[in-house]
Amino acid sequence: MKEVSIIGVDLAKQVFQLHGATSEGEVVFRKKLSRRQFLAFMQTHPGCRVAMEACATAHHWARTLTVFGHDVRLIAPKFVKPYVKNQKNDMADAEAIAEAASRPTMRFVEVKTPEQQGLGMIFRLRDLLVVQRTQTVNALRGHLAEFGVVTAKGRENIEKLRAALNREEEAADIPALVRHMAQLFFDQIDDLSRRITDLDAQIATASRRSRFSARLQKMPGIGPITSMALAAFAPPMGSFRQGRDFSAWLGLVPRQHSSGGKPRLGRTSKSGQRDIRRLLIIGAMAVISGAKARPPADDSWLGRILARKPRMLAAIALANKMARMIWAMITKDEEFRGEPLSAN
């Protein structure tokens, strides 16, 4: 058998499709293996490059195969799609993965450590609980509005609903069944708030133990949740050549549609890691909101931006600047100096 240079693997829950090829791209084998067969085959196969899409279970398999001596590369699915020929099936996908990974200019996804994925799980769970709490609050507001109990949006107005149901003059026309159901809603909201508070405490504890997180939180607009999201979802900063590459990875730079030497820039690309991007923009908005009480100097960078741009555009620009500063702080092993409000 000819020497296999690269193996493209189309991952699944139970059945894996493999495509082995030489360095010239010649097909050596195509195999369909069960989960157990795949593990045994890769354990005995000589070390080579193994390519997989960066999808569910990919990081687990990447760590496992690395222990077997393979050079594992993960590829974003959007970079594999152009190499799929004709009809889409597992065999074509595995071949496309191998073909994409053999390109010299292909960009790969960094393999996450178990600790990173654990932090990501905390973040995802907190996000899920916040969404569930918001849904429960909105459902309660909608139901009680049918009985004349109306409050404004926002979790802070829940106590007004609770107080309204306890006032006899307002609750007189509300059936007992409705009051009982509303109490179940309140209990669910309280339970979700308690769980979110517990997760916030875990995040705060983890951020205090991490030198990485503690350093980032010295920058205005960066808190424990944002610093934890950076630790969980961002690749090593050394993989970016400059700060602009990191902000581009986050999707905080304009989308390009240039042709014929004429640059055309549109809205932000939003093509990168959405959780970090969202948190940086929220942090930037908090900094801008604080600028109302303490306005920046007119000749400062933020002062000039706010003078000619809407608040949201200014927040995106500030988030872009914050991303570059984060890259510089980590790659150069420096502490935060100065304030973004007065940065030139």
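Keep in mind that this is a model prediction, so the values were computed, not measured. (Residues numbered from 1 in each chain as written. Predicted model: local features only at pLDDT ≥ 70, side-chain atom pairs only at ≥ 80, totals over all residues. Heavy atoms only, no water.)

Things to note about helix H4 (residues 90-101)
Think of an α-helix as 3.6 residues a turn; residues three or four steps apart then line up on the same face.
Part 1 of the argument: Taking 1.5 Å per residue as the helical rise, H4 with its twelve residues ought to reach 16 Å, and the 17 Å between its terminal C-alpha atoms agrees with that figure.
Part 2 of the argument: Buried residues of H4: Ala 92, Asp 93, Ala 94, Ala 96, Ile 97, Ala 98, Ala 100 and Ala 101, and no others.
Part 3 of the argument: Considering only its buried residues, H4 is in contact with strand S1 (6-10), strand S2 (15-21), strand S4 (49-53), strand S5 (71-75) and helix H3 (77-80).
Part 4 of the argument: Looking at where H4 begins, the residue whose side-chain oxygen comes 3.1 Å from the main-chain nitrogen of Met 91 is Asn 89. (Helix = DSSP H or I, 4+ residues; strand = E, 2+ residues; numbered from the N terminus. Expected span 1.5 Å × (residues − 1). Buried < 20%, exposed > 50% of the residue type's maximum accessible area, 1.4 Å probe, protein only. Contact = heavy atoms within 4.5 Å. Polar contact = N/O pair within 3.5 Å; in protein donor to acceptor, adjacent residues only side chain to side chain.)

A few points about the pattern of salt bridges
Part 1 of the argument: Inspection of the entire model under this criterion finds 20 salt bridges.
Part 2 of the argument: Residue Asp 71 is joined to Arg 49 by a salt bridge in which the shortest nitrogen-to-oxygen separation is 3.8 Å. In this pair, Asp 71 is assigned in strand S5 and Arg 49 in strand S4, connecting sequence segments 22 residues apart.
Part 3 of the argument: Judged by its relative accessible area of 25%, Arg 49 falls in the partly exposed class.
Part 4 of the argument: Taken together, the shared-partner salt bridges in this structure form one network comprising Arg 124, Asp 127, Arg 274, Asp 275 and Arg 278. (Salt bridge = Lys/Arg side-chain N within 4 Å of Asp/Glu carboxyl O.)

Considerations on the domain arrangement of the protein chain
Part 1 of the argument: Entries for the protein chain in the domain assignment read domain 1 (6-109), domain 2 (114-209) and domain 3 (212-332).
Part 2 of the argument: On the domain 3 side, the residues contacting the twelve residues of domain 2 number 17 residues.
Part 3 of the argument: Taking both partners together, domain 2 and domain 3 bury about 1,100 Å²; carbon and sulfur atoms supply 65% of that area.
Part 4 of the argument: On inspection of domain 2 and its partner domain 3, the count reaches two salt bridges.
Part 5 of the argument: For Arg 124, the salt bridge goes to Asp 275, with nearest N and O atoms at 2.6 Å.
Part 6 of the argument: Across the domain 2-domain 3 interface, the total number found is four residue pairs in polar contact (both at pLDDT 80 or more).
Part 7 of the argument: At the level of elements, helix H5 (114-145) and helix H8 (176-209) are the ones that each hand at least two residues to the side of domain 2 that touches domain 3.
Part 8 of the argument: Considering each element in turn, the side of domain 2 that touches domain 3 owes the most residues, eight residues, to H5.
Part 9 of the argument: Taken together, the residues of the side of domain 2 that touches domain 3 break down into five nonpolar, three polar and four charged. (Domains from an automatic or database assignment. Buried area = accessible area lost by both parts, 1.4 Å probe. Nonpolar A, V, L, I, M, F, W, Y, C, P; charged D, E, K, R; others polar.)

Digging into the UniProt feature "domain: Transposase IS116/IS110/IS902 C-terminal" (unreviewed entry) in the protein chain
Part 1 of the argument: The positions that UniProt labels "domain: Transposase IS116/IS110/IS902 C-terminal" (unreviewed entry) are, in the present scheme, residues 214-289.
Part 2 of the argument: Span residues 214-289 is 47% helix and 9% strand, its end C-alpha atoms 23 Å apart. (UniProt positions renumbered as here; feature names shortened; annotations may be inferred.)

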